[in-house]
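Letter by letter, the chains look like this.
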Amino acid sequence: MIPIKLVGATSKAARPARDISEAAGVAAKYLQAGALNLQALPPLSLYIHFPWCVKKCPYCDFNSHEAKDGQTFPEQEYLEALRSDLEMALPLIWGRKIYTIFIGGGTPSLMSAAGLDRLLSDVRTLLPLDSDCEITMEANPGTFEAEKFKSYRASGINRLSIGIQSFNSGHLKALGRIHDGNEAKRAVEIALANFDNFNLDLMYALPSQTLEEARHDVETAMAFKPPHLSLYHLTMEPNTLFAKYPPALPDDDASADMQDLIAELTAANGYGQYEVSAYAKEGHRARHNLNYWEFGDYLGIGAGAHSKLSFPHRILRQARYKQPKAYMEQVRLGAPVQEEYEIGRADMGFEFMLNTLRLHGGFDPKLFGERTGLSLNAIEKNLNAAEAKGLLYRDYKLIKPTALGQRFLNDLQQMFLDG
Ligand code: SF4
């Protein structure tokens, strides 16, 4: 990656343009000639980060911070910051429609119904949304109140992603979650009453979890007939409490058995696995996540949010200030973007493959040129090497990881490091 600039408080790119001609000036910088040649821009998604939770979970490495007394956070101030942040970013996405929106965290369902309504009306005022825009909100059991979720739906949220993790109260306690098994079920019932499109997040290979307990969790989840399931292996992320004081986890054989069991149960119940951790009923793949995995564009606003934005001759990455207080302060100063760089030609193949190889169905080779602005020749030797090792399948209309490639995905992805 080529760091081209650390955006400071005086950057034109990061402070609101005063008028249309200044906005055009900001955009012009990114529209100059460059190393790439993109024929068309990819679909554009919007990510909105909400950085507070009731309590920090010991395994979590997301940008989440405990709310004061578990529930107090500066909602109005943050919503104002989000609106200004979006206004400042507009010149970079001028004229482009938003294809999906994802409000993630943290625990966005801590937001009041009025707060969420204000957020979505700000977004609608500032951006043109696709008529079929998928608008997802992450929600955690323990914050589910029926009336609030009814209002979220009325405000325009049309998909919920619920962080269930487990229905087993003992395991939830070991994970430091604020909800128990009954609250997990109640949350799904409230979701079912208000949303026809929702995802349940579950984790497996939990501290002292047995195969039968993992089976019970997945079967309980499927009994609610969720259109989408995300099934994650618990991992010990650096800089978490679990990394410092690791709990006793199922060994590799036991977690491989859980993985096999998940494959069997999901397939038997009509869920297609289309990505490392994602399973969906026909027609219910997560369009927002698919846009990430297909190397689409996203504007991320809010504390610590990341963006990937394409222009005809360059692809830009940005990261915003992470700490909520610093972020809101930097928005006031007109410079919420802490880091910005162009993806260099040498890194493009790896960045594209890092995402697309997660897709079990692979991708059309034409997508490489469309999304990177480079010819497939740029990664030809890497593709050949991966194919020779039996990790990759390719023909003229498809490139995808083989079953072996899915199993050794990290190794396969790393083969594109020098693409
Ligand atoms: S609720 Fe989710 S985002 Fe918040 S601390 Fe726990 S795992 Fe992290």
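Residues numbered from 1 in each chain as written. Predicted model: local features only at pLDDT ≥ 70, side-chain atom pairs only at ≥ 80, totals over all residues. Heavy atoms only, no water.

### Quick look at the nonpolar core
Turning to step 1, where the next piece is worked out: Membership of the largest hydrophobic core comes to 76 residues, with the highest contact counts inside it found for L46, I103, I157 and L160.
Turning to step 2, where the next piece is worked out: If you tally residues by element for this core, the top one is helix α2 (residues 75-89), at 7 residues.
Turning to step 3, where the next piece is worked out: Not counting residues up to four positions away in its chain, the partners in contact with L46 are L86, I98, T100, I101, F102, V123, L127, H288, L299 and I301.
Turning to step 4, where the next piece is worked out: Ranked by size, the runner-up nonpolar core spans 24 residues in total, among them L36, F295, M348 and F368. (Core = buried A, V, L, I, M, F, W, Y, C linked by side-chain atoms within 4.5 Å. Buried < 20%, exposed > 50% of the residue type's maximum accessible area, 1.4 Å probe, protein only. Helix = DSSP H or I, 4+ residues; strand = E, 2+ residues; numbered from the N terminus. Contact = heavy atoms within 4.5 Å.)

### What to know about the site of the ligand
Turning to step 1, where the next piece is worked out: Lining the immediate environment of the ligand, one finds C53, K55, K56, C57, Y59, C60, F62, S64, G106, T107, N140 and R177.
Turning to step 2, where the next piece is worked out: Of the residues that constitute the shell around the ligand, the class distribution is 5 nonpolar, 4 polar and 3 charged. (Near = heavy atom within 4 Å. Nonpolar A, V, L, I, M, F, W, Y, C, P; charged D, E, K, R; others polar.)

### With respect to the packing of α2 against helix α11 (residues 324-333)
Turning to step 1, where the next piece is worked out: Following both chains from N to C, one finds α2 and α11 inclined at 50°, their axes separated by 9 Å at the closest point. Here α11 runs oblique to α2, going by the angle between their axes. Here the hand of the crossing between α2 and α11 comes out left-handed. Taken together, the residues of α11 that come into contact with α2 (itself represented by E77, Y78, A81, L82, S84, D85 and M88) are Y327, M328, V331 and R332.
Turning to step 2, where the next piece is worked out: Residue composition of the contact of α2 with α11, grouped by class: 7 nonpolar, 1 polar and 3 charged. (Axes fitted to C-alpha atoms, helices over the stretch in contact; angles between N-to-C directions. Parallel < 35°, antiparallel > 145°, perpendicular 65-115°, else oblique. Left-handed = near helix turned anticlockwise from the far one by under 90°.)

### Some words on the domain arrangement of the protein chain
Turning to step 1, where the next piece is worked out: Structurally, the protein chain comprises domain 1 (23-291) and domain 2 (347-419).
Turning to step 2, where the next piece is worked out: Each of domain 1 and domain 2 has a C-alpha centre, and the two are 27 Å apart.
Turning to step 3, where the next piece is worked out: Taken residue by residue, the interface counts 11 residues in domain 1 and 11 residues in domain 2.
Turning to step 4, where the next piece is worked out: Together, the buried faces of domain 1 and domain 2 total about 890 Å²; carbon and sulfur atoms form 57% of this surface.
Turning to step 5, where the next piece is worked out: If you sort the residues of domain 1 by the area they bury against domain 2, L36, E275 and V276 come out on top, with a joint share of 42%. (Domains from an automatic or database assignment. Buried area = accessible area lost by both parts, 1.4 Å probe.)

### Quick notes on helix α14 (residues 380-388)
Turning to step 1, where the next piece is worked out: All of the buried residues in α14 are N382, L383 and A386. Here the buried residues of α14 occupy an arc of 100° about the axis, which is enough to place them on one side. The exposed residues of α14 that point more than 90 degrees off its buried face are K381 and A388.
Turning to step 2, where the next piece is worked out: Lining the buried residues of α14 we find α12 (345-356), β16 (392-395), β17 (398-401) and α16 (409-414).
Turning to step 3, where the next piece is worked out: At the exit of α14 stands G390, carrying a positive phi of roughly 80°. (Arc of directions from axis to C-beta.)

### Remarks on the packing of aromatic side chains
Turning to step 1, where the next piece is worked out: According to the stated counting rule, one finds 17 aromatic pairs in the structure shown.
Turning to step 2, where the next piece is worked out: Each ring, one from F50 and one from Y78, has its centre 6.3 Å from the other, and the planes form 85°; the classification is edge-to-face. Pair noted here: F50 is in strand β2 (residues 44-50) and Y78 is in helix α2, with a separation of 28 residues, a long-range link.
Turning to step 3, where the next piece is worked out: Given the relative accessible area of 2%, F50 is considered buried. (Phe/Tyr/Trp six-rings, centres within 6.5 Å; stacked < 30°, edge-to-face > 60°.)

### With respect to unusual backbone geometry
Turning to step 1, where the next piece is worked out: Of the consecutive residues G105 and G106, the connecting peptide bond is found in the cis state with omega at 20°.
Turning to step 2, where the next piece is worked out: Within the secondary structure, G106 sits in the loop between β5 (98-105) and α3 (113-126).
Turning to step 3, where the next piece is worked out: At Q165, a position not held by glycine, the phi torsion is positive, near 70°.
Turning to step 4, where the next piece is worked out: With respect to the helices and strands, Q165 occurs in strand β7 (residues 159-165).
Turning to step 5, where the next piece is worked out: Looking at Q165, the relative accessible area reads 7%, which means it is buried.

### Points about the pattern of salt bridges
Turning to step 1, where the next piece is worked out: Following the criterion strictly, the structure yields 16 salt bridges and no others.
Turning to step 2, where the next piece is worked out: Of the charged contacts in the structure, one is a salt bridge between E80 and R118, with a shortest N-O distance of 3.9 Å. With E80 in helix α2 and R118 in helix α3, this pair connects stretches of sequence that are 38 residues apart.
Turning to step 3, where the next piece is worked out: Assessed through its relative accessible area of 23%, R118 is described here as partly exposed.
Turning to step 4, where the next piece is worked out: Because the salt bridges share partners, they merge into one network encompassing E80, R83, E87, R118 and D122. (Salt bridge = Lys/Arg side-chain N within 4 Å of Asp/Glu carboxyl O.)

### Observations regarding a negative patch on the surface
Turning to step 1, where the next piece is worked out: There is a patch of like negative charges on the surface, built from D251, D252, D253, D257, D260 and E264.
Turning to step 2, where the next piece is worked out: Looking at the secondary structure, you find E264 in helix α9 (residues 252-268). (Patch = residues over 30% accessible without salt bridge, like charges linked within 9 Å, V, L, I, M, F, W, Y side chains within 5 Å. Areas by Shrake-Rupley, 256 points an atom, 1.4 Å probe, with all protein chains shown as cover. Lys, Arg positive; Asp, Glu negative; His and termini not counted. Charge placed at Lys NZ, Arg CZ, Asp CG, Glu CD.)

### Quick notes on the side chain of S255
Turning to step 1, where the next piece is worked out: Relative to the elements of secondary structure, S255 occurs in helix α9.
Turning to step 2, where the next piece is worked out: Non-local contacts of S255, meaning those with residues more than four positions away in its chain, are made with Y204, A205 and H233.

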